[in-house]
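# Descriptive analysis of the structure
So the chains spell out like this:
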Amino acid sequence: MIEIVEVTHTYRIGKETIRVLEIPSLVVGPGERVAVVGPSGSGKSTLIQIIAGLTLPTTGRVVIDGVDIGVLGESQRDRFRARRMGLIFQAFNLLGGFTALENVLMAAMWSGIKNKSERLQAATALLHRVGLNDRMHVDVRRLSHGEKQRVAIARALVHQPSIVLADEPTASLDPVNKTVVLDELLALVREKGATLVFVTHDTTLLSAFTRVLTLGPGGVVSDRSPVPVG
Amino acid sequence: MALSLWVMAWRQIRSRPVVTGTTIMIIAVSVALMLSISMASEGIKRGISESSAPYGMVVGSKGSETQLIFNTIFLLDRPLGNVPLDFYEAVKADPRVQAVVPFALGDNYRGYRIVGTDERFFAMRAYPGAPPAFVISQGQRFAHPFEAVLGAKAAQDTGLRIGDTFVSSHGTDHHEGLEIDEHREMPYTVVGIMRPTHTPADRGIFVHYESYWRLHEHESAVEHDATRAATSDQAADTSHMLSGSDSGDLSHGITAFLVHPKGYVELMQLYQEINASPHAQAVLPGQVLGKIFEQIGFGAEVLGAIAWLVLALAAITVCLTLYQSIEVKRKDFYLMRAIGASRLHVFFVVALEAVWLFFLGELFGWALSYVVYAFLAYGIGERLSIAMPFFFDAGAAWKLALLLIGGLVVAVMTALLTYRTQLDSALRVEAS
Ligand SMILES: Nc1ncnc2c1ncn2[C@@H]1O[C@H](COP(=O)(O)OP(=O)(O)OP(=O)(O)O)[C@@H](O)[C@H]1O
Ligand SMILES: [Mg+2]
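Worth saying up front: this structure is predicted, and the values here are computed from it rather than measured.

About the thresholds
Per-chain numbering applies: the sequence of each chain, read as written, is numbered from 1 onward. The naming scheme follows written order: chains are lettered A onward, ligands numbered 1 onward. Per-residue local features of the predicted model are confined to residues with pLDDT of at least 70, and side-chain atom pairs are confined, for both listing and counting, to 80 or more; whole-chain, interface and lining totals are unaffected and use all residues. Each side-chain value is derived from all of the structure's non-hydrogen atoms; neither hydrogens nor water enter the calculation. For each residue, the test is whether any non-hydrogen atom lies within 4 Å of the molecule or strand; if one does, the residue is near. As used in this structure description, the phrase polar contact means that two N or O atoms lie within 3.5 Å; if the pair is within protein, one of them must be able to donate a hydrogen and the other to accept it, and residues adjacent in sequence are counted only when both atoms belong to side chains. Per-residue and other accessible areas follow the Shrake-Rupley method at a 1.4 Å probe size, with only the shown protein chains counted as cover for residues. The secondary structure listing takes helices from DSSP runs of H or I that are at least 4 residues long and strands from runs of E that are at least 2 residues long, numbered from the N terminus. Partly exposed residues are those whose accessible area sits between 20% and 50% of the maximum for their type, while under 20% is buried and over 50% is exposed, using a 1.4 Å probe and protein chains only. Whether two strands pair comes down to DSSP finding at least two bridges between them. A patch is a set of surface residues, each over 30% in relative accessible area and not in a salt bridge, joined within 9 Å for like charges and within 5 Å for the nonpolar side chains Val, Leu, Ile, Met, Phe, Trp and Tyr. Salt bridges, as used here, are contacts in which a Lys or Arg side-chain nitrogen is within 4 Å of a carboxyl oxygen on Asp or Glu. Throughout, nonpolar core names a set of buried Ala, Val, Leu, Ile, Met, Phe, Trp, Tyr and Cys residues whose side chains join them through atoms within 4.5 Å. Contacts are assigned to residue pairs with any non-hydrogen atoms lying within 4.5 Å of each other. Every axis corresponds to a line fitted to the C-alpha atoms, with the helix fit spanning only the stretch in contact, and the corresponding angles, defined between N-to-C directions, vary from 0 to 180 degrees. In this scheme Phe, Tyr and Trp rings, the latter by its six-membered ring, pair at centre separations within 6.5 Å, and the angle between planes marks the pair as stacked below 30 degrees, edge-to-face above 60, and tilted otherwise. Note on criteria: charge over ring means Lys NZ or Arg CZ within 6 Å of the ring centre, with the direction from the centre no more than 35 degrees off the ring normal.

## What about the site of ligand 1?
- By nearness alone, 15 residues border ligand 1, and A:S40, A:G41, A:K44, A:S45 and A:T46 come closest of all.
- One of the side-chain N or O atoms of A:S40 is found 2.5 Å from an oxygen atom in ligand 1.
- Isolated, ligand 1 exposes 630 Å² of accessible area, and the fraction of that covered by the protein chains is 79%.
- Only β1 (2-13) and α1 (44-52) of chain A together with α12 (426-431) of chain B provide two or more residues apiece to the shell around ligand 1.

## A short note on the pairing of strand β9 (residues 188-194) of chain B
Residue and element names in this part refer to chain B.
- Buried residues dominate β9, accounting for six of its seven residues.
- Pairing of strand β5 (residues 136-139) with β9 involves three bridges; the strand directions are antiparallel. Each bridged residue has a counterpart across the sheet, and for Q138 the counterpart in β9 is I193.
- When strand β6 (residues 147-150) meets β9, the two strands line up parallel, connected through four bridges. Bridge assignment links L150 to a residue of β9, and that residue is I193.
- Of the strand pairs in this sheet, strand β7 (residues 165-166) and β9 are connected by two bridges, and their pairing is antiparallel. The residue bridging F166 from the neighbouring strand is Y188, located in β9.

## Side note on a nonpolar patch on the surface
Residues and elements named next belong to chain B.
- On the surface, a nonpolar cluster with roughly 610 Å² of combined accessible area is contributed by M25, V29, L368, V371, V372, F375 and L376.
- Mapped onto the nonpolar patch, the elements with two or more residues apiece are α2 (17-52) and α10 (343-384).
- For the nonpolar patch, the element with the highest residue contribution is α10, accounting for five residues.
- On the secondary structure map, F375 appears in helix α10.

## Some points on the nonpolar core
- Core analysis: the biggest nonpolar cluster contains 118 residues, and A:L47, A:I64, A:L165 and A:L185 have the highest contact counts within it.
- The greatest single-element share of this core, amounting to 13 residues, is contributed by helix α9 (residues 285-338) of chain B.
- When sequence neighbours within four positions are dropped, the list of residues in contact with A:I64 reads A:M1, A:I2, A:I51, A:I69, A:F80, A:M85 and A:I163.
- Among the nonpolar cores identified, the runner-up in size contains 39 residues, and B:M39, B:Y55, B:M124 and B:A201 belong to it.

## Here's the deal with the interface of chain A and chain B
- Tallying the contact residues gives 26 residues for chain A and 25 residues for chain B.
- The interface formed by chain A and chain B includes four salt bridges.
- A salt bridge links A:E74 to B:R343; the shortest N-O distance between them is 2.5 Å.
- Between chain A and chain B we count nine residue pairs in polar contact (both at pLDDT 80 or more) in total.
- For the side of chain A that touches chain B, the elements supplying multiple residues, two or more each, are α2 (74-84) and α3 (100-110) of chain A.

## Focus: the sheet that holds strand β8 (residues 195-199) of chain A
Residues and elements named next belong to chain A.
- Here six strands make up an open sheet; going across it, the order is β6-β7-β8-β3-β9-β10 and the pairing mixed. Strands at the two margins of the open sheet, each flanked by one partner only, are β6 (85-88) and β10 (219-224). Each adjacent strand pair in this sheet contributes to an overall mean axis angle of 15°, direction not counted.
- Pairing geometry for strand β3 (residues 33-37) and β8, over four bridges, is parallel. When the sheet's bridge partners are listed, R33 is paired in β8 with L196.
- Packed on one face of the sheet, α1 meets β3, β6, β7 (163-167), β8 and β9 (211-216) and runs near 155° to β7.

## With respect to the packing of aromatic side chains
All names here are of chain B.
- Under the criterion given, the structure shown has 22 aromatic pairs over all chains.
- Here the aromatic rings of F121 and F134 are separated by 4.4 Å at their centres, their planes lie at 10°, and the arrangement is stacked. With a gap of 13 residues between them, F121 in the loop between β4 (112-117) and β5 and F134 in the loop between β4 and β5 connect regions that are remote in the sequence. Grouping residues by exposure puts F121 and F134 together as buried.
- Members of the aromatic cluster, connected to one another through ring pairs, are F103, F121, F122, F134, F142 and F206.
- Geometry around F391 places R46 over its ring, the cationic atom sitting 4.1 Å from the centre.

Limitation: the analysis is restricted to geometry and does not speak to function.
Now the structure itself:
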């Protein structure tokens, strides 16, 4: 469960400040799958970062599963994020020089799965699940875009997070891969019962979500169920 | 598979082979420079000490003691004047003296110095009970005047073999193309070649000192005739007689001789007595070499200071390299944080990267210092026939340890820089 209360965010560049986000109230319940759309610069990425606790909002509160992350210290917030959330970005999702398996294992390790064989089992299972059985031991720099994003999905889900935050993970993929990767992600999220917040520019994908949030210059422009595209 | 922070740091640097390679090389070269300088100065000292070991106390005419040692033992520099023969005989007859070895120098064959001595030369030892220092490997020792035994290097370089003859010329240096003062009427015959000693003696040609005497007696006679024939040349002749150094008149003396007294008390007595006499000086090679070592040591210290400076520059370079790569890796750090790594994790990965770089750089540098040393040893061996022995430089250990600590400081500094910038600008990376 994500609760956002009177959040505003302003970036300061020199003396100038720009307000990029203004959300009086937003609640995303468990198991919801929310698509976030809006023009470039409307604050979608900023919203994801604020939910993840990577950025603290200028004003307002963010409460995740009952915990106000604004009152947590930085390292507590790091640990909280590592355990409860899985993050996927548009690019730079993986650490080069490490294999796909290692990338997933790293997240498993930092998210606090203590048992080594448990980590290995979870990581391998997920990589199988996203169809990377024979690419597990390859340096991620040698993987294709689609493969990389599938590793990122496995990595984001390996520790069974309650919330998955995805910032345009399909933007750099071709149309076929786009749907394949999204389908894989949605299937896994549904299976694990996780909440998904998914930023995208691509309106063709919206029908797969339970809710569509549109951001605009003034904040949330609309918040509704997806309109089936004809 | 254990993904420890060490392994992670290692993978990180391995994923940037060019930057990593260059950085390690910079560290390695400066470490090698620093280590080989101190090692070379130590090696030269050891080589020189070993070369001078068989020579106890050297007696020669008054003058520079360094020159006396250089000329007699290292076959460098120019000979001092002669010691009167009766003085030599007097020391030799002294009851406190166990043995003397005479040396006459002043001629050369193609730059290889002709050392007039006698059979006692072959009895010289590095220390009592040691095997003889100079051993014949081919042929035999000289038994008569104008028989010559070649040092190993002299034999190799001149190509002379047993039975070959050659004529010596005046002076210590070979003057290619110049009209040289050769002793054509009295050639030497090679009768033996010595085993390599890896000391300057390898460059010597050893003959009985009587050869010198005969040669120069003969020459004096010829010169006398010439002087009588052309009295105008008198001035030059006189200067020749007086100079007694480069082209010393050897018919009435020897250049230097070694004295092996019966014991330490005798040594000190003789040392003082000879130095008090107006005819000669006695020099203990150890003492003179000590002074030379101080000079070498000073030179090495200056070079060593420069090496440290280079190393400091290398450290700064590494710091900058790492800092620059942080710019590139900001995304990685951001990602690591996003998937649960704490600031401290990232801090350690960056710090351990620097530790790896320094560790490998030092390891290669240490190995490289031996390569540099081998080259230096080869060069010095070729030029001076002083063998620089290979040895484990214990001083290198603490220097390397010190460096590793320095590397750690650099590592922590770099990591601290990262620590502060980890997330702020990472956001822009994501936003772009
Ligand atoms: N770290 C930052 N410092 C200053 N300004 C920033 C920073 N991050 C984002 N911004 C600005 O805030 C605004 C919102 O950025 P954000 O990345 O959230 O938009 P977005 O909706 O994700 O855009 P896009 O669709 O292009 O990804 C933009 O004008 C951006 O330039
Ligand atoms: Mg964005």
